[in-house]
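Each chain is listed here by its residues.
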Amino acid sequence: MITRPNHHRTTHTHAVRDARDTSEARPSRLHDFAPGRDDFRAHVVQGLSQKRKQLPCKFFYDQRGSQLFDRICELPEYYLTRTELSVLHERAGEMAEALGQRCTVVEYGSGSSLKTRLLLDRLQNPAGYVPLDISREHLLEAAGRLTAAYPTLAVHPVCADYTRSFSVPECEGSARTVVYFPGSTIGNFEPHEARAFLRATAQRCGPGGGLLIGVDLKKDPAVLHAAYNDAAGVTADFNLNLLRRINRELDGNFAEDRFAHYAFYNPRLGRIEMHLVSAAQQTARAGGESFHFREGETVFTESSYKYTTPEFESLAAAGGWTARRTWTDPQRLFSVQYLTVS
Ligand code: AVJ
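Just so it is clear, the model here is predicted, and its values are computed rather than measured. (Residues numbered from 1 in each chain as written. Predicted model: local features only at pLDDT ≥ 70, side-chain atom pairs only at ≥ 80, totals over all residues. Heavy atoms only, no water.)

### Side note on the pattern of salt bridges
Pairing between side chains becomes possible if they bear opposite charge and their charged atoms approach one another. We count it as follows: One speaks of a salt bridge when a side-chain nitrogen belonging to Lys or Arg is within 4 Å of a carboxyl oxygen belonging to Asp or Glu. Secondary structure counts use DSSP, requiring at least four H or I residues in a row for a helix and at least two E residues in a row for a strand, with both numbered from the N terminus. Classification of residues uses two cut-offs on accessible area relative to the type maximum, computed with a 1.4 Å probe and protein chains only: under 20% is buried, over 50% is exposed, and between them is partly exposed.
The tally for this structure, following the rule as stated, stands at 19 salt bridges. The salt bridge partner of Asp-161 is Lys-58, with a shortest N-O separation of 2.7 Å. In this pair, Asp-161 is assigned in the loop between strand S4 (158–159) and strand S5 (176–181) and Lys-58 in the loop between helix H2 (37–48) and helix H3 (63–72), connecting sequence segments 103 residues apart. Under the relative-accessibility criterion, Asp-161 is labelled buried at 5%. Classification of Lys-58 as partly exposed rests on a relative accessible area of 22%. For Arg-248, the salt bridge identified is with Asp-62, shortest N-O distance 2.9 Å. Taken together, the residues Arg-248 in helix H9 (residues 234–249) and Asp-62 in the loop between H2 and H3 connect sequence positions 186 residues apart. The buried category is assigned to Asp-62, whose relative accessible area is 6%.

This is how it looks when you write it as C-alpha cells:
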C-alpha cells in the first residue's frame, strides 16, 4: 500500500517526503495523443447535417464543461457520484485485493476525483498510474496534484480520446494492466459501441488484464429523470455549454436562449436521453456552415444507458471480459464491477 504524506503518518513517510524536495515530485512528461480542433469541427458539421441532428457528448468537456460537471457531481439529485464514492469507501480494500500487487492502473478520466485516491490508498505496490483525459489542462493539473500526494508513485499522464488509438506508457515491473473506468461513462456508448470499446480495452490490457468499472443500474424512472433535470439547472447549463463552445471555437452564432435543455428516460432503450430543443424556427452557423432548425426540432447530445448487472455482464462478455466481482450500495443504485480479460 503506498503511503500518502499527512502529518499524522509515521515519520518514515515524512522522511521520504522531506528527502525529495517537492519540486522533484512531478509527473513524467505528458504523452500527448490529443485530437486537433479539426476533429471538433468535423464532428459538429457532420452531426448537424444529419436528418436527426446530434452532437457527440465528448465535446461537453471543455474547461467550463468540466467545471460544470464537477458541480453536477455535488447535486442532490445526481446520486451517481456520491453512491459510487460510498461503495469505494466501503470496498476499496476488496477491490485492491482483486487488482493484486504491482498493477499499472490506467484511468479513463483525469483522476482528479476522490475516487482515484480511495483506490490508490489501498493498492498494493502499484507499478504506476496512468491518468488519461481529453482535456489537457484538467489532466496536467490533476497529475501534478496526484504526484504531490503520492511522491513514490510513477504517474504518466496521457492526453488522448479513449475512443481513439493511443498507447499506454510502460511501467517498470508491472504485473498487469488494469483499466479503471469510473462514473458510468460506459453508459454514453450505444450498446454496439460499448462492445467495440470493451473489446479494444481488453486487447489493450492483454492477457491477465483487468477492468474496474462503474455502471449505473436501472431504477425508478423518476429518480433517473431528476438526476438529469436538477432544480438548480446545472445540467441544463452543461448541455447548453456545447453551443457556447461552438460559438467560441468554431465561429458560431448560436443563440443559447433560443434553445432549451430536455432530458428524459427512455424505458424501451433503457437510457437517459439529453437533447437541445430549438425554441423557434432559426438558422445558426458553425465552422463556416449554416444549419436550419425547425421550431421544436431537437439536437441529440447524450445517451446515458442504465444496466442491470446481468445485462452488463453479458455485454462485457461479448467484449472479451469475464465478470469476477460486483459491489453495490445497499439500495442497489450503482455498481462497481471487476472483470478480467477472458
Ligand atoms: C459522466 C457520462 C457518467 O451520463 O451521468 C451528467 C454525464 N450528463 N449529467 C452521465 C452527465 C448529464 C454523466 N457521465
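Next comes the rest of the account.
### A word on the environment of Leu-217
Positionally, Leu-217 belongs in the loop between strand S6 (210–216) and helix H8 (221–227). Residues Leu-217 and Val-105, spaced 112 residues apart in sequence, show a C-alpha to C-alpha distance of 24 Å.

### Some remarks on unusual backbone geometry
Even without a glycine there, the phi angle at Asn-125 is positive, about 45°. One can find Asn-125 in the loop between helix H5 (114–122) and strand S3 (128–133). Phi is positive for Ser-184, which is not a glycine, with a value near 65°. Locating Ser-184 in the fold gives a position in the loop between S5 and helix H7 (191–205). Of the residues examined, Ser-184 reaches a relative accessible area of 5% and is grouped as buried.

### Examining the site of the ligand
Test applied: When we say a residue is near a molecule or strand, we mean one of its heavy atoms is within 4 Å of it. We call two N or O atoms a polar contact when they sit within 3.5 Å, provided that within protein one can donate a hydrogen and the other can accept it, with sequence-adjacent residues counted only if both atoms are side-chain atoms. Note that accessible areas follow from Shrake-Rupley with a 1.4 Å probe, and for residues the cover is restricted to the protein chains shown. Put simply, Ala, Val, Leu, Ile, Met, Phe, Trp, Tyr, Cys and Pro go in the nonpolar bin, Asp, Glu, Lys and Arg in the charged bin, and everything else, Gly too, in the polar bin.
Taken together, 15 residues are adjacent to the ligand, and Tyr-78, Gly-183, Tyr-228, Glu-302 and Ser-304 come closest. Tyr-78 has a polar side-chain atom sitting 2.6 Å from an oxygen atom of the ligand. In this structure, Tyr-228 approaches the ligand through a side-chain N or O atom, which is 2.7 Å from an oxygen atom. For the ligand, the protein covers 98% of the area, taking 350 Å² as the surface of the free molecule. Of all the secondary structure elements, the ones that give two or more residues to the shell around the ligand are H3, H9 and strand S11 (298–305). Per-class residue counts for the shell around the ligand are 8 nonpolar, 6 polar and 1 charged.

### What about the sheet that holds strand S12 (residues 321–328)?
What counts, and what does not: Should DSSP find at least two bridges between two strands, the strands are taken to pair. In this analysis, two residues are considered to be in contact whenever any of their non-hydrogen atoms come within 4.5 Å of each other. To define axes, lines are fitted to C-alpha atoms, for helices over the stretch in contact only, and angles between the resulting N-to-C directions are given on a 0 to 180 degree scale.
Overall, mixed pairing links the 8 strands, which are arranged S1-S4-S3-S2-S5-S6-S13-S12 in an open sheet. Each edge of the open sheet is held by one strand with a lone partner, namely strand S1 (31–32) and S12. Where S1 lies against S4, 2 bridges are found, and the strand directions are parallel. Bridging from a neighbouring strand, Asp-32 pairs with Cys-159 of S4. Contacts from helix H6 (residues 136–149) reach S1, S3 and S4, with the element oriented near 160° to S3.

### A look at the pairing of S11
Burial runs high along S11: 7 of the 8 residues are buried. Summarising the sheet, strand S8 (residues 271–278) and S11 pair through 7 bridges and their orientation is antiparallel. Pairing of Val-277 across the sheet is with Thr-298, part of S11.

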